[in-house]
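Structural characterization, general
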Amino acid sequence: MRVGSEEHSYNWIDNWAKLPESESSRKGWAHPGVVVTGSGNVVTSHPGDPEVLTFDGDGNLISSWRGDFAEAHGIALVDEGGVEYLWIADHGSKNHYLHGYQNPPGVGDAPGKVFKTTLDGEVVMRLETPPLPVYKDTRYSPTTVAVNEERFGGNGDIWVGDGYGAYQVHRFTKGGVHVGSVNGEEGAGAYNCPHGIFIDYRKSEPELYVADRANSRVQVYDMEGGFRRSFGKDFLTTPSGFATHGDLMIIAELHARLAVVDLNDELLTYIGENQQVCDVEGWPNNVNESGQSVRTSLLEAGKFNSPHGLAADANGNLYVAEWLIGGRVTKLNRP
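Here the structure is a predicted model, which is why all the values come from computation and not from measurement.

**Observations regarding the packing of aromatic side chains**
A ring pair, where both rings are aromatic, is described by two values, the distance of the centres and the angle of the planes. All told, the structure shown has 15 aromatic pairs when counted by the stated rule. Residues Tyr-209 and Phe-231 carry aromatic rings whose centres are separated by 6.0 Å and whose planes lie at 70° to one another, so their mutual orientation is edge-to-face. Highlighted residues: Tyr-209 in strand β17 (residues 207-212) and Phe-231 in strand β19 (residues 227-231), separated in sequence by 22 residues. Summarising the burial analysis for this pair, Tyr-209 and Phe-231 share the class buried. Judged by centre distance (5.9 Å) and plane angle (75°), the ring pair of Tyr-209 and Phe-242 falls under edge-to-face.

**What to know about the pairing of strand β23 (residues 267-271)**
Side-chain positions along a regular strand alternate between the two faces of the sheet. Sheet topology note: the strand β22 (residues 257-261)/β23 ladder contains four bridges and is antiparallel. Following the sheet pairing, Ala-259 is matched in β23 by Tyr-270. Counting the residues that bridge the hairpin from β22 to β23 gives five residues, and of these Asp-265 lies at a positive phi of roughly 65°.

**Points about the sheet that holds β19**
Read from one edge to the other, the open sheet built from four strands follows the order β16-β17-β18-β19, with strand pairing classed as antiparallel. The sheet is open, and its two borders are formed by β16 (194-200) and β19, each paired with just one other strand. The average angle at which neighbouring strand axes cross in this sheet is 20°, direction not considered. Looking at chain direction, strand β18 (residues 217-221) and β19 are connected through four bridges and run antiparallel. Pairing of Gln-219 across the sheet is with Ser-230, part of β19.

**A word on the nonpolar core**
Grouped burial of nonpolar side chains is what soluble globular proteins tend to show. In this structure, Trp-87, Val-114, Leu-127, Val-145, Ile-158 and Val-160 are the most contacted members of the largest nonpolar core, which totals 16 residues. If you list the elements that add at least two residues to this core, you get β8 (74-80), β9 (83-90), β11 (123-127), β12 (144-147) and β13 (158-162). If you tally residues by element for this core, the top one is β9, at three residues. Apart from the residues within four sequence positions on either side, Leu-127 is in contact with Trp-87, Val-114, Ile-158, Val-160, Phe-172 and Gly-176.

**Focus: the pattern of salt bridges**
What the rule picks out here adds up to 23 salt bridges. The shortest N-O distance in the salt bridge between Lys-203 and Glu-207 comes to 3.9 Å. The class of Glu-207 is buried, set by a relative accessible area of 4%. In this structure, the salt-bridge partner of Glu-273 is Arg-257, at a minimum N-O distance of 2.8 Å. On the criterion of sequence distance, the pair formed by Glu-273 in the loop between β23 and β24 (286-287) and Arg-257 in strand β22 is long-range, its members being 16 residues apart. Put simply, Lys-203, Glu-205, Glu-207, Arg-228, Arg-229 and Asp-265 are held in one network by salt bridges that share partners.

**So, unusual backbone geometry**
Phi is mostly negative for residues that are not glycine, and the peptide bonds are mostly trans. At the junction of Trp-283 and Pro-284, the peptide bond is cis and its omega measures out at 15° in the coordinates. Relative to the elements of secondary structure, Pro-284 occurs in the loop between β23 and β24. The phi dihedral of Asn-15 falls on the positive side, at around 45°, and the residue is not glycine. Relative to the elements of secondary structure, Asn-15 occurs in the loop between β2 (8-13) and α1 (23-27). Positioned with a positive phi, Asp-265 is a non-glycine residue whose angle comes to about 65°. Residue placement: Asp-265 occurs in the loop between β22 and β23. Judged by its relative accessible area of 6%, Asp-265 falls in the buried class.

**Considering the environment of His-99**
By the secondary structure assignment, His-99 is in the loop between β9 and β10 (113-118). If near-sequence neighbours (up to four positions away) are discounted, His-99 is found in contact with Pro-104 and Pro-105.

Rules of the game
Residues numbered from 1 in each chain as written. Predicted model: local features only at pLDDT ≥ 70, side-chain atom pairs only at ≥ 80, totals over all residues. Heavy atoms only, no water. Phe/Tyr/Trp six-rings, centres within 6.5 Å; stacked < 30°, edge-to-face > 60°. Helix = DSSP H or I, 4+ residues; strand = E, 2+ residues; numbered from the N terminus. Buried < 20%, exposed > 50% of the residue type's maximum accessible area, 1.4 Å probe, protein only. Pairing = 2+ DSSP bridges. Axes fitted to C-alpha atoms, helices over the stretch in contact; angles between N-to-C directions. Core = buried A, V, L, I, M, F, W, Y, C linked by side-chain atoms within 4.5 Å. Contact = heavy atoms within 4.5 Å. Salt bridge = Lys/Arg side-chain N within 4 Å of Asp/Glu carboxyl O.

Listed below in structure tokens is the structure:
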């Protein structure tokens, strides 16, 4: 099935990732990030368990590891001298089916965390909660992480978006020292859920893109945290994450579509648009006769339900992980 339009079209491969078969996988409320390794493997997280999953190019599960986290909500991949690592943003909460899709007792009491691991799960670095007065009264709940990689001429700075807590974007040095924060007030206005951040290398100078989701816009900064511009109020609803290939940027919109933009941040097309599904009671899931959340029965090939994690491989193929009970990872194959 072909989706998109004209030169910006893709072949939709439905249910591409063969997720593990278990009750936790079927009933877990997936809320994942996704990245692609240099070898073309796809890394994301388990729908219900604190587990990182790696799939080959055909969607077969080839390895997994469990970690000390509530949820691998945001994932970034870095290459340091030919060795790949994962940075994971754990917002610290996980709605569980055994507790009516609420937090189990104790989950969500402690701050979230951001940490770096090898591809097989060995933790090699952790970032501390930023030492800011706002966190005396607000829980730190990071959703996203990006690194200004040295292989692309960067300085190794680590940027973290606190999308579910104090609505700040924090800058750390390569060594993990907090050196600054932005909150949107220096730009288009205070953030309302800076859910995804991304370092864009398409131009001569890299830029930091912030998905200011509940404000229906993207705010763009230089790599010192200086505001440059914002865009999207006229064509975005819920920007959540980013991927790039060539001159294209693809933006995951939680409200059931991807948006493709050019180097000038102008809209080219939507992919898999299905916004009417967001009006269904219980979205991104359904509600049964007892009022309980259950996996949606409205998933269709060629139409998104709730895009959350997004990544592109070296050939421009896209991998989209959705926010819903049981999860769904779709591959969009670029012809």
